Each structure stands twice: as structure tokens, then as C-alpha cells.
Amino acid sequence: MKKDWFKVWFESEYYQKVYSHRDSEDAKLLCELILKTTHLQKDAKILDAACGNGRHYINFSKAGFNVFGFDLSKNLLFEAKANSFNKKIPQNFFCSDIRFTCLKTRFDLITNLFTSFGYFDEDDENFLFIEKAFNLLNENGFYVLDYFNVEYLKNNLKLISEKKVESLHIKEERFIHENRINKKIIIVDLKNNSENENMIFYESVKLYKRDELIERISKYGFKLQFEFGNYYGEKFNLKSSERLILFFKK
Ligand SMILES: C[S@@+](CC[C@H](N)C(=O)[O-])C[C@H]1O[C@@H](n2cnc3c(N)ncnc32)[C@H](O)[C@@H]1O
């Protein structure tokens, strides 16, 4: 699997097409769950780490909060700014690699949503931001991680799936290797009917089991407060939940 796959894939114009179902409505569900669980004060400050095109950022902003967001992808940040501008929402976005983010402000809520975690080879790199997040939070602040449920993923792995989005034929091949879920994404634009090298992308995310995640994150000083198995706020179940949504408190 290609190292630094995330620098290429999230910069590509195709990422948002492949994940077009991960839209503002999908983000709204999760934001509502987060807000009704954390009961933030009206003047609370939120940081959305790896905010992508700003779909959660915009939902939090619309709810009246002071929101900041960063991402590595210039293309997605451009989208985030344009989407916020169109909705007359302040554009507090900046470009940063999650491993090297340098912030002086403190927040009441820090989010890491829709599997924006586990991209790097080393555990220390993957957990670096979470460790830093502890000091970036005000007392009683929350850190929310929305990741997949490894047990469910392993037992329900669809090796191959295909779909059509606009003129694109998208084939996704998945396999688990060396404790990572890997995906090869092959895109053919039926308009030009050409399959060339630029239309193949990769994803590779390290698999962390629930207990392992909680144990490691708790070592930084966080206390687990709530956990859910989907964006509707259903209880987490190791066998049947697709997502693992963890709420930690400082
Ligand atoms: C699966 S997407 C989720 C985006 C957003 N949270 C959402 O739900 O739409 C993962 C995001 O992580 C960002 N990302 C990947 N590697 C990163 C890095 N090293 N530092 C900061 N952001 C990164 C990508 O650009 C992408 O926006």
C-alpha cells in the first residue's frame, strides 16, 4: 500500500464523488448527536480536526458555535471556504497536517469525525493529535472520535463493490493486511471511457479495537463519558455497530 496515500486521495476531485453520500445531512445527524450529548455553552469554541469540505463545521456554525477547522487537503479546504461563504458563515479554516498542528487557543470541543484517524504507519503518529488535544481543551472539554468498529468491519467486509456516480464507474476493492484495512479505488469516467493510472487511488487505515483505543486515549488523561454505535445515538454493540463514536472528557 502506498505510503502517504492520503495526500493524493483527499486532494483528488474524485474523493467527494466516491463519498457523495457523506453529505451535509449525514453530518447533521452526527452534529446533533454531539451537541445533545455534550450540552455546550452558547459561547463554546469547537475545533473540527481534519474537517474536509466543512460539512460538520457548517452544521456546528449554524447551531451558533464559534468553530475552527483544519485539514491537509487544499482542495477540500477550498470547498469548505466556498460552502461557508455561500451560507454567510465565518471561514475559520487553516491548512495543517494533523501531526504538526500548532495551536495556542483552547477549545470546549475537539472533533475527529468520519474516520479521520489511523492513516499513519506508527501508533505514536496516529495518536499524537489526541494526546495534544488534551492540552488544547478547556476544563471539562470534550474530545469526540468517530471511527469504525473493527469487529463489525472484519465480519462484514465487502471485498468488492461497484457503483455509478454521475458519469463515473467506481470499483472499490477491500482487503485486510498487516492490521490495516486497505482499499483500492478504480475510477473510469464513462464519458471518455479511459482507465489510466491517475484514476487509481488507495486508502489504508490502521485497525484499532475499541478497548485498545480507550486504553490508549485514557492514558493521556481523558475519561470516557459516552459511546455510541451509530449517528442516531444507538448504544454501541461490538458485534452489530458499524461505527464507534467515543466521547472523552478532560
Ligand atoms: C475521511 S475524510 C473525513 C473528512 C471530514 N471529517 C468529513 O467527515 O467529511 C478524512 C479527512 O482527513 C484529512 N486528512 C488526511 N490526512 C491528513 C493529515 N495528515 N492532516 C490533516 N488532515 C488530514 C483529509 O484531507 C480528509 O479531509
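Per chain, the residues get numbers from 1 upward, laid out in the order the sequence is written. Totals for whole chains, interfaces and linings use every residue, but because this is a predicted model, local features are given only for residues with pLDDT of at least 70 and side-chain atom pairs only at 80 or more, for both listing and counting. To get the side-chain values, take all heavy atoms of the structure and skip hydrogens and water.

**A word on the domain arrangement of the chain**
One can read the domain layout of the chain as domain 1 (5-149 + 209-249) and domain 2 (153-205). Computed over C-alpha atoms, the centres of domain 1 and domain 2 are 24 Å apart. Contact between two residues is taken to exist if any of their heavy atoms lie within 4.5 Å; hydrogens are not considered. Each side of the interface is counted separately: domain 1 has 20 residues, and domain 2 has 19 residues. Two parts placed together each lose some accessible area; with a 1.4 Å probe, that loss summed over both constitutes the buried area. The contact between domain 1 and domain 2 buries some 1,500 Å² in all, and 63% of this surface belongs to carbon and sulfur atoms. Just to be clear on terms, a salt bridge is a Lys or Arg side-chain nitrogen sitting within 4 Å of an Asp or Glu carboxyl oxygen. The interface formed by domain 1 and domain 2 contains two salt bridges. The salt bridge involving Arg180 is made with Asp121; its shortest N-O contact spans 3.9 Å. Each polar contact in these results corresponds to two N or O atoms within 3.5 Å; when the atoms are within protein, one needs to be able to donate a hydrogen and the other to accept it, and residues that are neighboring in sequence are counted only if both atoms are side-chain atoms. The interface formed by domain 1 and domain 2 holds nine residue pairs in polar contact (both at pLDDT 80 or more) in total. Counting residues per element, the ones that place at least two in the side of domain 1 that touches domain 2 are α1 (5-9), α2 (15-18) and β5 (137-148). At three residues, α1 tops the list of elements feeding residues into the side of domain 1 that touches domain 2. Counted by class, the side of domain 1 that touches domain 2 contains eleven nonpolar, six polar and three charged residues. Domain start and stop positions are those given by an automatic or database domain assignment. Secondary structure elements follow DSSP: runs of H or I no shorter than four residues count as helices, runs of E no shorter than two count as strands, and numbering proceeds from the N terminus. Throughout, the ten residues Ala, Val, Leu, Ile, Met, Phe, Trp, Tyr, Cys and Pro are labelled nonpolar, Asp, Glu, Lys and Arg are labelled charged, and all others, Gly among them, are labelled polar.

**Points about the nonpolar core**
Throughout, nonpolar core names a set of buried Ala, Val, Leu, Ile, Met, Phe, Trp, Tyr and Cys residues whose side chains join them through atoms within 4.5 Å. Between buried and exposed lies partly exposed: a residue is buried under 20% and exposed over 50% of the maximum accessible area for its type, with that area taken using a 1.4 Å probe on protein chains only. Counting 77 residues, the largest nonpolar core has Trp9, Ile187, Leu213 and Phe222 as its most contacted members. Considering each element in turn, this core owes the most residues, seven residues, to β5. Formed jointly, this core draws a minimum of three residues from each of two domains, domain 1 (5-149 + 209-249) and domain 2 (153-205). Setting aside residues up to four positions removed in sequence, Ile187 forms contacts with Trp9, Tyr14, Val18, Leu168, His169, Ile170, Met199 and Phe201.

**Thoughts on the sheet that holds strand β7 (residues 168-177)**
Any two strands with at least two DSSP bridges between them are considered paired. In spatial order, the strands read β6-β7-β8-β9; together these four strands make up an open sheet with antiparallel pairing. With one partner strand each, in any of the chains shown, β6 (160-165) and β9 (200-206) form the two edges of the open sheet. Sheet twist, expressed as the mean angle between neighbouring strand axes with direction ignored, is 20 degrees. Lines fitted to C-alpha atoms define the axes, with helix axes restricted to the stretch in contact, and inter-axis angles between N-to-C directions lie between 0 and 180 degrees.

**Brief notes about the pattern of salt bridges**
When charged atoms on two side chains of opposite charge get close, those side chains can pair. Going through the model one piece at a time under the given rule, you end up with 19 salt bridges. In this structure, the salt-bridge partner of Asp26 is Arg22, at a minimum N-O distance of 3.1 Å. Using a relative accessible area of 21% as the deciding quantity, one classes Arg22 as partly exposed. Across the pair Lys171 and Glu173 runs a salt bridge, and its minimum N-O distance is 3.5 Å. You can call Glu173 partly exposed: its relative accessible area is 24%. Three or more residues are tied together by salt bridges with common partners; here these are Glu172, Arg174, Lys183 and Glu203.

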